[in-house]
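# Examining the three-dimensional arrangement
Here are the chains, one letter per residue:
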Amino acid sequence: EPNPRGLPEILENLVILTYARQASRMLTLQGIPASESLTNLRNDVVLERQILPDQKAWELVCDRVRHIFGVTIPALPTLANLQKLSDQVFDLIKQLGPDVANYVAKLRNVLPPLVGDFADVPRYKTAAAMSTLCQAIQRVKKPSEVFEAIQTAQVASSSAMGVVFKHAAKVHGALDKIHLSVFEKLA
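Residues numbered from 1 in each chain as written. Predicted model: local features only at pLDDT ≥ 70, side-chain atom pairs only at ≥ 80, totals over all residues. Heavy atoms only, no water.

## Structural notes on the overall build of the protein
Scanning the protein for helices and strands turns up seven helices and three strands. What you see in the protein, going N to C, is helices and strands ordered as α-β-β-β-α-α-α-α-α-α. In terms of overall size, the protein is more extended than a compact globule, its C-alpha atoms giving a radius of gyration of 22 Å where 187 residues would be expected to give roughly 16 Å. C-alpha extents for the protein along the principal axes are approximately 90 × 35 × 20 Å. Burial statistics for the protein: of 187 residues in total, 36% are counted as buried. Across the protein, the fraction of contacts at a sequence separation of at least 24, relative to all contacts at a separation of at least 6, is 63%. (Helix = DSSP H or I, 4+ residues; strand = E, 2+ residues; numbered from the N terminus. Rg over C-alpha atoms; globule rule 2.2 N^0.38 Å. Buried < 20%, exposed > 50% of the residue type's maximum accessible area, 1.4 Å probe, protein only. Contact = heavy atoms within 4.5 Å.)

The structure is reproduced here in structure tokens:
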């Protein structure tokens, strides 16, 4: 009194953020990841301990992410790398996830007249698996949950899922141009 004591706010925030990185803790606000900022760190932010995956699981998910989403993640399971994986995958799913869902819906309409029972058609199974993965990632909030969704996803071929993910809009457009009446007459 009358002058404040202690570190300036920016240095306090630097100490908190440094500790968070070194101790594998994530800033959360009411259970949702909060942004890291030296100038604007809220007092009600909580440092939540993050359990990092083991190396074998990390390598599996990094391989899947590379083939499915075209994203390369560093080989070490750190909180920063986990956050990078989550951010990049989540951004891509925001962009292309709706296209995958539309493609699966289109296949549900187009395949029955052509092949009858379509549930075992490899193209449909791959597209449905990719759509399920997109939906699972869209529902989660934390980077560890994104990792878990990718790790536990049913993946027959990650490269085939990557093709579906990247080209769903183009294939959907091509299917729109098909006249099913031609196939019905040929049958």
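## Overview of the environment of D120
When you line up the elements, D120 lands in the loop between helix 3 (79–115) and helix 4 (122–139). The sequence separation of D120 and V140 amounts to 20 residues, and the corresponding C-alpha distance is 29 Å.

## Details of the sheet that holds strand 1 (residues 25–29)
Taking strand neighbours across the sheet as the criterion, the three strands line up as 2-1-3 in an open arrangement whose pairing is antiparallel. Only two strands of the sheet have a single neighbouring strand rather than two, namely strand 2 (32–33) and strand 3 (46–49). One ladder, built from four bridges, connects strand 1 with strand 3; its direction is antiparallel. In the strand pairing of strand 3, T28 is matched with V46. (Pairing = 2+ DSSP bridges.)

## Describing the pattern of salt bridges
Taken as a whole, this structure holds three salt bridges when the rule is applied. Across the pair D44 and R42 runs a salt bridge whose closest N-O atoms are separated by 2.8 Å. Overall, R42 belongs to the partly exposed group, its relative accessible area being 48%. (Salt bridge = Lys/Arg side-chain N within 4 Å of Asp/Glu carboxyl O.)

## Some points on the confidence of the model for the protein
Averaged over all residues, the pLDDT of the protein is 86; the fraction at 70 or higher stands at 95%. For the protein, helix 7 (residues 180–186) is the element with the lowest average pLDDT, namely 66, and helix 2 (residues 55–69) is the one with the highest, namely 94. (pLDDT = per-residue confidence, 0-100.)

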